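Listed below are the residues making up each chain.
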Amino acid sequence: SQEILLHICYILFGGIEMERWEVIDAVQKMQDYIKEHINDNINMEDLARNSGYSKRHAIRLFKNILGKSPAEYIRALRLTDSAKNLIFGQKQIIE
């Protein structure tokens, strides 16, 4: 399980590495939440709550790991999905 992996990393690399794994896990949770709710109105409070961090800290962690804010990530994901739908004829521009 993931908890065992985190514990092994903590033993092998010390507390600093464990914190890094926790940050990566939190960002992964936020990415999963975004993908599950991509067609919904995603607010930063819900996203942060899902990560286990405060809104301000979650946004900072997300940007540090992925190089863009959650809002930028959501926008890029939605634009990519829209472009795929247009290219493959699944939707028209007016939709």
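This one's a predicted model, so the numbers in the text were calculated from it and none came from an experiment. Within each chain, residues carry numbers counting from 1 in the order of the written sequence. Local features are withheld for residues below a pLDDT of 70 in this predicted model, meaning they are given only at 70 or higher, and side-chain atom pairs are given and counted only at 80 or more; totals for whole chains, interfaces and linings count all residues. Water and hydrogen atoms play no part in the side-chain values, which are based on all heavy atoms of the structure.

Working definition: a ring pair exists when centres of Phe, Tyr or Trp rings (six-membered ring for Trp) sit within 6.5 Å. Plane angles under 30 degrees give stacked, over 60 give edge-to-face, the rest tilted. By the definition in use, this model includes one aromatic pair. Note on Phe62 and Tyr73: the rings are 5.4 Å apart at their centroids and 75° apart in plane angle, and the pair reads as edge-to-face. Pair noted here: Phe62 is in helix α4 (residues 55-66) and Tyr73 is in helix α5 (residues 70-87), with a separation of eleven residues, a long-range link. Tyr73 carries the same exposure label as Phe62, and that label is buried. Helix numbers and strand numbers start at the N terminus; a helix is a DSSP run of H or I with at least 4 residues, a strand a run of E with at least 2. Partly exposed describes any residue whose relative accessible area lies between the buried limit of under 20% and the exposed limit of over 50%, with all areas from a 1.4 Å probe on protein chains only and scaled to the type maximum.

Confidence scores here are pLDDT values: one per residue, from the predictor, ranging 0 to 100. On average, residues of the protein score 83 in pLDDT, and 75% of them are at 70 or above. Between the elements of the protein, mean pLDDT differs from a low of 58, seen in helix α1 (residues 2-13), to a high of 94, seen in helix α3 (residues 44-51).

It is worth spelling out the pattern of salt bridges at this point. We define a salt bridge as a side-chain nitrogen of Lys or Arg found within 4 Å of a carboxyl oxygen belonging to Asp or Glu. With the rule as written, the count across this model stands at three salt bridges. In this structure, Glu45 and Lys55 form a salt bridge, with 3.3 Å as the shortest nitrogen-oxygen distance. Taken as a pair, Glu45 in helix α3 and Lys55 in helix α4 lie far apart in primary sequence, ten residues in all. A relative accessible area of 39% means that Glu45 is categorised as partly exposed.

What follows concerns α4. Relative to the 16 Å expected for twelve residues at 1.5 Å per residue, α4 spans 16 Å between its end C-alpha atoms, a close match to the ideal helical length. A positive phi of about 80° marks Gly67, the residue just after α4. Given a helix with a known number of residues, its expected span is that number minus one, times 1.5 Å.

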